[in-house]
Amino acid sequence: MPTIEKTIPSTNWINTDRDFNQLYPVQKRVLADRHWTPVSIAKKAADFLAAENHVNVLDIGSGVGKFCLTAAYHKPNAFFCGVEQRASLIKAAETANKSLGLKNVSFIHGNFTQVDFRNFDHFYFYNAFYENIAGTEKIDESIDYSSELYNYYSRILLKLLEQRPAGTRLATYHSLEDEVPEDYHVVGSDADNLLKYWIKV
């Protein structure tokens, strides 16, 4: 695991959604309310997922990296990685981090089904599959959408999470919970139950 360092940003970008979203281009910024994790939610999820030092946390469908960047700033002794299939969102995440200078964060351009979950201790999921449901707002038209994909991705993620050891932590936000295995138990929640904390038993 790489040595973790933190460079303090020169502004207050990391503490409020209004300021943080200024790190992104306008076309990405306008999607924030619907698609990117709020700073307050990211902090709470990070507190749960990185309760111990030196853990590796994967954000499944990381978008512009807002969760990973916020979490990495507030939890400098943990490492956060986001996987995202849209190249434009990976670019936005990496550009934002050039302003922040965080060393304990990285991004993978690809589909989460291609990621080895054995490299990670805990997981964050802000319903990245929801766009596949008919009638929902899409980030863009650069990828395919279908109810079949929603069901396929949910089944794959469920199987991958089933394979993780007891003690694995999962934080879900706005999830329909189709991807959560039965042996993950809720141990807490926030934001009117929209943010849930799970531990595998």
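Described below are features of the structure shown in this document. (Residues numbered from 1 in each chain as written. Predicted model: local features only at pLDDT ≥ 70, side-chain atom pairs only at ≥ 80, totals over all residues. Heavy atoms only, no water.)

1. Quick look at the nonpolar core
Phe20, Phe67, Leu69, Phe80 and Tyr124 are the most contacted members of the largest nonpolar core, which totals 40 residues. Those elements giving two or more residues to this core turn out to be helix 4 (39-49), helix 5 (66-74), helix 6 (87-100), strand 3 (105-109), strand 4 (122-126), strand 5 (169-173) and strand 7 (195-200). Here this core takes seven residues from helix 4, the largest share from any one element. Membership of the second largest hydrophobic core comes to 21 residues, among which are Phe120, Phe125, Tyr153 and Trp198. (Core = buried A, V, L, I, M, F, W, Y, C linked by side-chain atoms within 4.5 Å. Buried < 20%, exposed > 50% of the residue type's maximum accessible area, 1.4 Å probe, protein only. Helix = DSSP H or I, 4+ residues; strand = E, 2+ residues; numbered from the N terminus.)

2. Examining helix 5
The element helix 5 is largely enclosed, with a buried count of eight among its nine residues. Along helix 5, the residues that are buried comprise Lys66, Phe67, Cys68, Leu69, Thr70, Ala71, Ala72 and Tyr73.

3. Topic: the packing of helix 4 against helix 5
Helix 5 packs onto helix 4 with a crossing angle of 60° between their chain directions and a minimal axis gap of 9 Å. Taken together, the axes of helix 4 and helix 5 lie oblique to each other. Seen from above, helix 4 lies across helix 5 with right-handed handedness. When helix 4 is examined against helix 5, the residues Val39, Ala42, Lys43, Ala45, Ala46 and Leu49 are found in contact with a partner set consisting of Lys66, Phe67, Thr70, Ala71 and His74. When its residues are assigned to classes, the contact of helix 4 with helix 5 shows seven nonpolar, two polar and two charged. (Axes fitted to C-alpha atoms, helices over the stretch in contact; angles between N-to-C directions. Parallel < 35°, antiparallel > 145°, perpendicular 65-115°, else oblique. Left-handed = near helix turned anticlockwise from the far one by under 90°. Contact = heavy atoms within 4.5 Å. Nonpolar A, V, L, I, M, F, W, Y, C, P; charged D, E, K, R; others polar.)

4. With respect to the environment of Leu69
Within the fold, Leu69 resides in helix 5. A relative accessible area of 0% places Leu69 in the buried class. With 28 residues separating them along the chain, Leu69 and Asn97 place their C-alpha atoms 7.1 Å apart. In contact with Leu69, other than residues within four places in its own chain, are Ile14, Phe20, Tyr24, Val64, Ala93, Ala96, Asn97, Leu100, Leu102, Val105 and Phe107.

5. Overview of the packing of aromatic side chains
Counting across every chain of the model gives eleven aromatic pairs. Between Phe67 and Tyr124 the ring centres are 3.9 Å apart and the planes differ by 15°, which places this aromatic pair in the stacked class. In this pair, Phe67 is assigned in helix 5 and Tyr124 in strand 4, connecting sequence segments 57 residues apart. Grouping residues by exposure puts Phe67 and Tyr124 together as buried. (Phe/Tyr/Trp six-rings, centres within 6.5 Å; stacked < 30°, edge-to-face > 60°.)

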